[in-house]
Amino acid sequence: MKNAVREHREDANLSQGELAEAVGVTRQTINAIERERYDPSLELAFKLAAHFECRVEDLFDPELDADSTA
Amino acid sequence: MTQVQQTSTPRLSKQRRYRYLMYAFLLGGVAVGLGLRSLDYHVLSEAVYWVGIVGALVVWKGTSVTLFDERDKAIDRRASQLTMTVTAVLLIVGASVVRLGTQLGMVDAPPMVHGALYGYVSVAVIFGLSYLWVRYRP
């Protein structure tokens, strides 16, 4: 899933390890999310959004097509 | 930026250190246990084996550091599904080949093969019970 986690993290001047510690996962998981190789759980997505004080939709783009959202 | 790297490095190495320590206990206990068993130190071998198992559990559960998270669990789930698929294929095909081959006198499967097939049956039964428990637990 496309996401803006890296952009938000770099804007906050955080390392992957620091962000991982803040939301309670390993650094490898943050790395996998940023590389779009792992889609986080809802719980983790909300934790990330809360950490960056934004909406989940600002962080993650499910790339739904028009038919599936109708 | 430099400050960020300085604060993150010790935590990362701590996480890795704990994981490596856990694996060292587990693999070291098994390896040293096997070595001692080959030297006929059977009781000592079992003791070292259990020190490895318990040591790994203590490191895993005793630390506040996040060693395994939701992604690790997702990987576990996928690996388990793949394992069950491979096991099912081996059991379905293997059991049929052994049954038919034995009846037709084409195959005389050694006891080890029968033992392995019963082992696969046991895994399938345990999977079924686990599935029911997870599916219907309150």
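Refer to the preceding data block for the structure.
Residues numbered from 1 in each chain as written. Chains lettered and ligands numbered in written order. Predicted model: local features only at pLDDT ≥ 70, side-chain atom pairs only at ≥ 80, totals over all residues. Heavy atoms only, no water.

## Thoughts on the overall build of chain A
When helices and strands are counted, chain A shows six helices and two strands. Listed by position from the N terminus, the elements making up chain A come as β-α-α-α-α-α-β-α. Taken against the 2.2 N^0.38 rule, which gives 11 Å for 70 residues, the C-alpha radius of gyration of chain A at 12 Å falls within 12% of a compact globule. Overall, chain A is about 40 × 25 × 20 Å in size when its C-alpha atoms are taken along their principal axes. Considering chain A as a whole, with its 70 residues, one finds that 41% of them fall into the buried category. Within chain A, residue pairs in contact and separated by at least 24 positions form 55% of the contacts whose partners lie at least 6 positions apart. As presented, chain A carries roughly 4,100 Å² of accessible surface, and 45% of it is formed by carbon and sulfur atoms. Of note, chain A has its 8 positive side-chain charges centred 7 Å away from the centre of its 16 negative side-chain charges. (Helix = DSSP H or I, 4+ residues; strand = E, 2+ residues; numbered from the N terminus. Rg over C-alpha atoms; globule rule 2.2 N^0.38 Å. Buried < 20%, exposed > 50% of the residue type's maximum accessible area, 1.4 Å probe, protein only. Contact = heavy atoms within 4.5 Å. Areas by Shrake-Rupley, 256 points an atom, 1.4 Å probe, with all protein chains shown as cover. Lys, Arg positive; Asp, Glu negative; His and termini not counted. Charge placed at Lys NZ, Arg CZ, Asp CG, Glu CD.)

## Notes on the pattern of salt bridges
Taken as a whole and assessed by the stated rule, the structure comprises five salt bridges over all chains. Glu34 of chain A serves as the salt-bridge partner of Arg6 of chain A, at 3.5 Å between the closest nitrogen and oxygen. In this pair, Arg6 of chain A sits in helix H1 (residues 5-11) while Glu34 of chain A sits in helix H3 (residues 27-34), placing the two residues 28 residues apart along the sequence. When the shortest N-O distance is used, the salt bridge between Arg19 of chain B and Asp72 of chain B registers 3.9 Å. Note that Arg19 of chain B is positioned in helix H1 (residues 2-38) and Asp72 of chain B in helix H3 (residues 70-103), a separation of 53 residues in sequence. (Salt bridge = Lys/Arg side-chain N within 4 Å of Asp/Glu carboxyl O.)

## A word on a negative patch on the surface
Among the surface-exposed residues, Glu36, Asp39, Asp61 and Glu63 of chain A lie close enough to one another that they form a single negatively charged patch. By the element assignment, Glu63 of chain A lies in the loop between strand E2 (60-61) and helix H6 (66-69). (Patch = residues over 30% accessible without salt bridge, like charges linked within 9 Å, V, L, I, M, F, W, Y side chains within 5 Å.)

## Description of the interface of chain B and chain A
With 17 residues of chain B at the contact, the number on the chain A side is 18 residues. Here chain B and chain A share an interface that buries about 1,400 Å² over both sides, 48% of which is from carbon and sulfur atoms. Linking chain B with chain A are zero salt bridges. Counting every contact that joins chain B to chain A gives four residue pairs in polar contact (both at pLDDT 80 or more). Counting residues per element, the ones that place at least two in the side of chain B that touches chain A are H1 and H3 of chain B. Here the element with the most residues in the side of chain B that touches chain A is H1 of chain B; it accounts for eight residues. Broken down by class, the residue content of the side of chain B that touches chain A amounts to five nonpolar, four polar and eight charged. (Buried area = accessible area lost by both parts, 1.4 Å probe. Polar contact = N/O pair within 3.5 Å; in protein donor to acceptor, adjacent residues only side chain to side chain. Nonpolar A, V, L, I, M, F, W, Y, C, P; charged D, E, K, R; others polar.)

## So, the packing of aromatic side chains
Residues and elements named next belong to chain B. In the structure shown here, the tally under the stated rule is three aromatic pairs over all chains. On the numbers, 6.3 Å between centres and 90° between planes, the contact of Trp60 with Phe68 is edge-to-face. Its end group placed over the ring of Trp60, Lys61 keeps NZ or CZ at 4.1 Å from the ring centre. (Phe/Tyr/Trp six-rings, centres within 6.5 Å; stacked < 30°, edge-to-face > 60°. Lys NZ or Arg CZ within 6 Å of the ring centre and 35° of its normal.)

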